[in-house]
Structures are given as structure tokens and as C-alpha cells.
Number of protein chains: 2
Amino acid sequence: MSAAAEKKRLGPEDWVAAARTALIEGGPSAVAVEPLAKRMGVTKGSFYWHFKDRPALLSALLSEWERRTTEMFAQSPGETALDRFAKLGDLQASGAESAFEAAIRGWALSDDQVSEVVRATDARRAQYIEGLFHEIGATGEYATALARLMVVAAAGEMQMAALGEPTPPSTIATLVRLMARFAKPGLSPQR
Amino acid sequence: MSAAAEKKRLGPEDWVAAARTALIEGGPSAVAVEPLAKRMGVTKGSFYWHFKDRPALLSALLSEWERRTTEMFAQSPGETALDRFAKLGDLQASGAESAFEAAIRGWALSDDQVSEVVRATDARRAQYIEGLFHEIGATGEYATALARLMVVAAAGEMQMAALGEPTPPSTIATLVRLMARFAKPGLSPQR
DNA sequence: ATCGTCCCATACGTCAGCGTATCGCGGCGC
DNA sequence: GCGCCGCGATACGCTGACGTATGGGACGAT
């Protein structure tokens with residue numbers, strides 16, 4: 001009767017998936033057991049079979065995001081630093097995960113657990129990108145600032161994409177180009 | 001008995017202020033009438049005198065933010081474009097309003113009204129900054145991309161600041177410096 | 001065929017928050 | 001001093017969501 005498919009039996013992944021879309025379009029408070037059950041065409045009897053309680057679902061959802069976002073930065077060996085920069089741009093453009101991440105970040109504002117995970121993720125990203133800059137030849141503290149700038153921009157970009165702003169493909173690309181031209185050996189931050 | 005002061009009589013502004021802090025530290029769902037009343041040392045009888053219902057409070061809160069954030073971009077006449085760029089940096093560093101804006105943006109993800117306002121705000125900011133670039137002498141479409149990049153970075157920066165990440169003072173400053181060196185007449189985007 | 005296991009439905013008690021209705025109080029005008 | 005009005009308290013019903021308890025059906029193993 002609903003929009004859900006006719007898959008008769010559910011597993012925890014199904015609940016996490018449903019929770020994911022609910023979080024995206026309604027925020028944390030929309031990740032509620034009974035509404036989810038209704039949308040999936042079952043009752044909460046199902047839920048409490050697979051999960052202890054609502055917090056359990058939420059932390060499973062958080063883990064899910066953490067898993068996804070870390071494996072996006074998996075380094076396929078045999079790529080140059082420039083290749084990886086380009087991959088970051090593409091990864092940004094394909095905004096499939098943007099809505100998810102934006103929702104997670106919004107959630108993080110009011111939940112310390114989530115906040116912790118997001119902070120750690122940001123730190124890892126900054127470190128990764130800084131490594132790329134090093135390979136290109138940017139000097140130490142400047143590379144740090146530039147890397148952080150990229151992380152910041154990525155966060156902002158996802159936010160806006162999730163708000164439905166038609167994200168010009170040029171924004172992050174612009175930044176990357178800026179970086180590429182600027183972060184060359186011998187260029188010091190001052191003057 | 002609570003932490004609130006002993007101001008005996010309340011106005012709508014007090015409720016909006018309370019709603020503001022509640023939104024910041026608990027998200028939209030924390031902007032609930034009865035909890036707010038408890039924190040303010042009154043009952044909801046007071047609330048329903050000043051406001052029609054909960055949505056009324058929420059939209060008042062949204063208007064409040066819109067008001068504040070537009071008057072932050074008020075141009076004091078007699079400033080050069082570079083002065084205004086610097087002011088943007090400072091405005092960013094003083095993260096007093098960061099938490100508020102981050103909360104608003106998080107809220108916007110699940111509310112079309114809010115989303116609309118935020119989008120409009122972003123557009124105005126981008127336009128304003130693009131104007132600054134024009135004064136500096138950057139070419140058209142490139143200035144557009146750079147301006148948008150600044151808006152994006154600002155959004156991301158506020159997010160992270162609200163998450164408690166110790167925001168290095170260098171990030172936006174770095175961007176501004178990048179811009180200042182790069183956005184000079186005669187520099188085209190390609191090659 | 002029977003049994004056990006997995007998965008879900010049903011029914012129930014509880015609680016928090018919304019909105020309404022009604023009453024009470026303090027101060028101000030006159 | 002009296003009435004009036006701005007503001008808040010109290011009490012009520014209602015809804016939605018949480019978590020529990022218990023029962024039942026489908027399906028494979030033996």
C-alpha cells in the first residue's frame with residue numbers, strides 16, 4: 001500500500017537504510033521507530049526484534065556513515081597526488097552522499113557522540129589532503145592551512161547542495177585549480 | 001529556582017532568545033514550549049499569550065536570524081573593498097554568531113521555509129562579495145566562482161566552529177590572502 | 001508431521017509535548 | 001477604590017512515540 005517494495009522479510013540493514021533517508025529528509029527527530037515502520041509496511045514489533053532500542057539504531061546509522069565516508073578516501077595504490085586531487089573533485093560533484101553527510105553534520109550539532117565522530121573524520125581528511133600537498137611540494141604550515149581550507153569548503157559545499165542550491169560545478173574545481181597553481185615548491189605563504 | 005534571572009515579566013523577545021539557545025544546543029526539536037517555559041521559570045500559559053502556537057515562535061526565530069545576518073553585511077560607507085574583505089575575516093573569527101548560523105543551517109535541512117531563507121541569504125552574500133571582487137578588478141565569471149567559494153567556506157567554517165573544532169585563525173585568512181593575490185586583472189580562469 | 005527458530009503483529013501502559021479554557025493576580029488609569 | 005487589562009498559573013484532553021509482553025505464522029531441519 002505504501003511506496004516500499006514487497007520484500008517480505010527485513011534485516012537490520014533495511015532499518016538502517018530507512019533511518020538514513022528519514023534522517024536526510026527530517027532530521028534526527030524524524031528517525032522514529034513507528035513512522036519508519038509505517039513507511040516500511042511493518043510494525044515496530046519488527047524493529048524491536050532487530051534492535052535493542054532507538055539509540056541502537058541511531059548509533060548503527062552513525063557507524064554506517066563513518067564506514068562509508070572512510071572507504072571513500074581509500075587510496076587505490078598507484079595513483080599520483082594529482083589523480084587523487086581530481087578524485088576529490090569528482091567525489092564532491094557526485095552529490096549522492098552530500099545529503100547524508102549534511103544531515104549527519106546537522107545532527108552532530110546536538111549530539112556529542114556524533115560530533116566526536118565528525119571531528120575525527122574532519123581531522124583525518126585534513127591530514128590526508130595535507131599529505132597530498134606535501135607530495136606536490138607545499139611547505140609545512142601553509143599546506144596545513146590549505147588542507148583545512150579544502151575540508152571546510154567541502155563541508156560547506158555539501159551543506160548547500162543539500163539545501164537544493166544548484167551547485168555550480170566550478171566552486172570546488174576553482175579551489176582545486178587555485179591550489180594547484182599556488183601550491184608549488186618555493187612559494188612561501190608570506191608576501 | 002532555575003538558572004534564569006528574576007525578571008518578573010516577559011515579552012516575546014525573551015521567548016525568542018530562549019528559543020535561540022535551545023535551537024543551538026538541541027536542534028529544532030528542542031525548541032519545545034514546555035521545556036522552554038521550565039527553563040525560564042514560567043509556564044506555557046505565558047507562551048500562548050505572546051504567540052499563537054509553536055510554529056509562530058519558530059518563524060519569529062527565523063526572522064530574528066535573518067535580521068541579524070543581514071545587518072552584519074551593512075556597508076559602512078567610506079570603506080574600500082579591501083577594508084570590507086578584512087571585515088569579513090574578522091566577522092568570521094568572532095564566532096559569536098557561528099553557533100546560531102550553524103544551527104539554522106542544520107534546521108534548514110528539514111524545513112523548506114528555513115531552507116528558502118538560507119538560500120536567499122547565501123545568494124545575497126555571494127552577490128555582495130562578487131561586488132567586492134569587481135572593485136578589485138577580477139573578471140566576471142571568475143569573480144562569481146571565487147565569491148561563491150568564499151560563501152561556501154564561510155558556511156563550512158561556521159559548522160566546524162559550532163562542532164567545537166578549534167578553528168585555526170588561518171583558514172579564512174588564508175583564503176582571503178589567496179584571493180587577494182590571485183584576483184587581479186588579467187588573470188583568466190583557464191590555464 | 002512436528003518442532004524450533006526467526007520474524008512480525010497486536011495490545012498495552014507510560015510519558016512528553018501541544019493546544020485550549022478558565023481562573024487569578026498585580027498594577028494602572030481615573 | 002474600582003474596574004480593567006496585561007500577563008501568567010492551573011487543569012484538562014489529545015496525540016504521537018517509546019518500550020514491553022505475548023502470541024502467531026512461515027519455513028527449514030530432522
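Check the entry above for the structure.
The numbering scheme is per chain: residues are counted from 1 as the chain's sequence reads. By the order in which they are written, chains take letters starting at A while ligands take numbers starting at 1. Given that the model is predicted, a residue must reach a pLDDT of at least 70 before its local features are reported, and side-chain atom pairs must reach 80 or more before they are shown or counted; all residues, however, enter totals for whole chains, interfaces and linings. Think of the side-chain values as coming from all heavy atoms in the structure, minus any hydrogens and water.

Focus: the protein's contact with DNA strand D
Close to DNA strand D lie 19 residues, the nearest being Val33 and Lys44 of chain A together with Leu10, Thr43 and His50 of chain B. Of what DNA strand D places within 4 Å of the protein, 60% of the atoms are sugar or phosphate. One of the backbone nitrogen or oxygen atoms of Glu34 of chain A is found 3.2 Å away from a phosphate oxygen of DNA strand D. In protein, a polar contact means a hydrogen-donor-capable atom and an acceptor-capable atom, both N or O and within 3.5 Å, with residues adjacent in sequence counting only if both atoms are side-chain atoms; elsewhere, any N or O pair within 3.5 Å suffices. Within the side chain of Tyr48 of chain A, one N or O atom sits 2.9 Å away from a phosphate oxygen of DNA strand D. Put simply, DSSP H or I for four residues or longer makes a helix, DSSP E for two residues or longer makes a strand, and each gets a number counted from the N terminus. For the surface near DNA strand D, the secondary-structure elements that each account for two or more residues are helix H2 (33–40) and helix H3 (44–50) of chain A together with helix H3 (44–50) of chain B. Per-element accounting of the surface near DNA strand D gives the leading share, five residues, to H3 of chain B. By convention in these notes, a residue is near a molecule or strand provided one of its non-hydrogen atoms lies within 4 Å of it.

Describing the protein's contact with DNA strand C
What surrounds DNA strand C is a group of 19 residues, the closest being Leu10 and Thr43 of chain A together with Val33, Lys44 and Arg54 of chain B. Each atom of DNA strand C within 4 Å of the protein was assigned to sugar, phosphate or base; sugar and phosphate come to 61%. The side chain of Ser46 of chain A places a nitrogen or oxygen atom 2.9 Å from a phosphate oxygen of DNA strand C. Of all elements in the fold, only H3 of chain A together with helix H2 (33–40) and H3 of chain B reach the threshold of two or more residues within the surface near DNA strand C. Here the surface near DNA strand C gets five residues from one element, more than from any other, and that element is H3 of chain A. Gly falls in the polar group here, along with every residue not listed as nonpolar (Ala, Val, Leu, Ile, Met, Phe, Trp, Tyr, Cys, Pro) or charged (Asp, Glu, Lys, Arg). When its residues are assigned to classes, the surface near DNA strand C shows seven nonpolar, five polar and seven charged.

Thoughts on the nonpolar core
With 44 residues, the main nonpolar core has Ile129 and Phe133 of chain A together with Ile129 and Phe133 of chain B as its most contacted residues. Those elements that place two or more of their residues in this core are helix H5 (81–93), helix H7 (112–136) and helix H8 (140–162) of chain A together with helix H5 (81–93), helix H7 (112–136) and helix H8 (140–162) of chain B. Here the nonpolar core consists of buried residues drawn from Ala, Val, Leu, Ile, Met, Phe, Trp, Tyr and Cys, with membership extended through side-chain atoms lying within 4.5 Å. The cut-offs for exposure are 20% and 50% of the maximum accessible area for each residue type, with area from a 1.4 Å probe on protein chains only; residues under the lower value are buried, those over the upper are exposed, and the others partly exposed.

What to know about the pattern of salt bridges
Should their charged atoms come close, side chains of opposite charge can pair. The salt bridge definition used is simple: a Lys or Arg side-chain nitrogen within 4 Å of an Asp or Glu carboxyl oxygen. For the coordinates displayed, the defined rule picks out 30 salt bridges over all chains. A salt bridge links Glu97 of chain B to Arg20 of chain B, with the nearest nitrogen and oxygen atoms 4.0 Å apart. With Glu97 of chain B in the loop between H5 and helix H6 (98–108) and Arg20 of chain B in helix H1 (residues 12–26), this pair connects stretches of sequence that are 77 residues apart. The salt bridge partner of Glu101 of chain B is Arg105 of chain B, with a shortest N-O separation of 2.4 Å. Placement of the pair is Glu101 of chain B and Arg105 of chain B together in helix H6, with a separation of four residues, close to one helical turn. Assessed through its relative accessible area of 3%, Arg105 of chain B is described here as buried. The structure contains a network of salt bridges with shared partners spanning Arg20, Glu64, Arg67, Arg68, Glu71 and Glu97 of chain A.

With respect to the interface of chain A and chain B
Chain A puts 47 residues into the contact, and the matching count from chain B is 47 residues. Accessible area, probed at 1.4 Å, shrinks when two parts are joined; the buried area is that loss added up over both. For the pairing of chain A and chain B, the buried interface totals around 3900 Å² over both sides, and the portion due to carbon and sulfur atoms is 66%. Our count for the chain A to chain B interface comes out at four salt bridges. Among the salt bridges present, the one from Glu157 of chain A reaches Arg148 of chain B, with a minimum N-O distance of 3.2 Å. Inspection of the chain A/chain B interface yields eight residue pairs in polar contact (both at pLDDT 80 or more). Contributing elements (two or more residues each) for the side of chain A that touches chain B: helix H1 (12–26), helix H6 (98–108), H7, H8 and helix H9 (170–182) of chain A. What makes two residues a contact is simply this: any of their non-hydrogen atoms within 4.5 Å.

Some points on the relation of the copies chain A and chain B
The transform that puts chain A on chain B rotates by 180° and translates by 0.0 Å along the axis, for an RMSD of 0.1 Å. What the superposition gives is, in effect, a two-fold axis relating one chain to the other. When the copies are superposed, the least-squares fit takes in the C-alpha atoms of residues with a pLDDT of at least 70 in both.

Thoughts on the packing of helix H4 (residues 54–71) of chain B against H7 of chain B
Residue and element names in this part refer to chain B. Simply put, an axis is a line fit to the C-alpha atoms, just over the touching stretch for a helix, and the angle between two N-to-C directions goes from 0 to 180 degrees. With their axes 11 Å apart at the nearest point, H4 and H7 run at an angle of 5° to one another. With respect to H7, the element H4 is oriented roughly parallel. Mapping the contact onto sequence places Leu62, Trp65, Glu66, Thr69 and Thr70 in H4 and Gln113, Val114, Val117, Val118, Thr121, Arg124 and Arg125 in H7. In terms of residue class, the contact of H4 with H7 is built from five nonpolar, four polar and three charged. Throughout this description, any angle smaller than 35 degrees is read as roughly parallel, any larger than 145 degrees as roughly antiparallel, any in the 65 to 115 degree range as roughly perpendicular, and the remainder as oblique.

Some words on the packing of aromatic side chains
Residue and element names in this part refer to chain A. Within 6.5 Å between ring centres, the rings of Phe, Tyr and Trp (the latter by its six-membered ring) count as paired, and their orientation is classed by plane angle as stacked under 30 degrees, edge-to-face over 60, tilted in between. Per the counting criterion, the structure on display carries six aromatic pairs over all chains. When the ring of Phe47 is compared with that of Phe51, the centres are 5.2 Å apart and the planes differ by 15°; the resulting orientation is stacked. Here Phe47 matches Phe51 in class, with each residue buried. Only Lys NZ and Arg CZ are tested; either one counts as a charge over a ring when it is within 6 Å of the ring centre and within 35 degrees of the ring normal. When the ring centre of Phe100 is taken as reference, the NZ or CZ atom of Arg20 above it lies at 4.7 Å.

Considerations on the packing of H6 of chain B against H8 of chain B
Residue and element names in this part refer to chain B. Two elements in contact, H6 and H8, have axes separated by 8 Å at closest approach and are oriented at 105°. In terms of axis orientation, H6 runs roughly perpendicular to H8. Counted together, Ser98, Ala99, Glu101, Ala102 and Arg105 of H6 and Ala155, Met158, Gln159, Ala161 and Ala162 of H8 form the full contact between these two elements. Among the residues forming the contact of H6 with H8, the class breakdown is six nonpolar, two polar and two charged.

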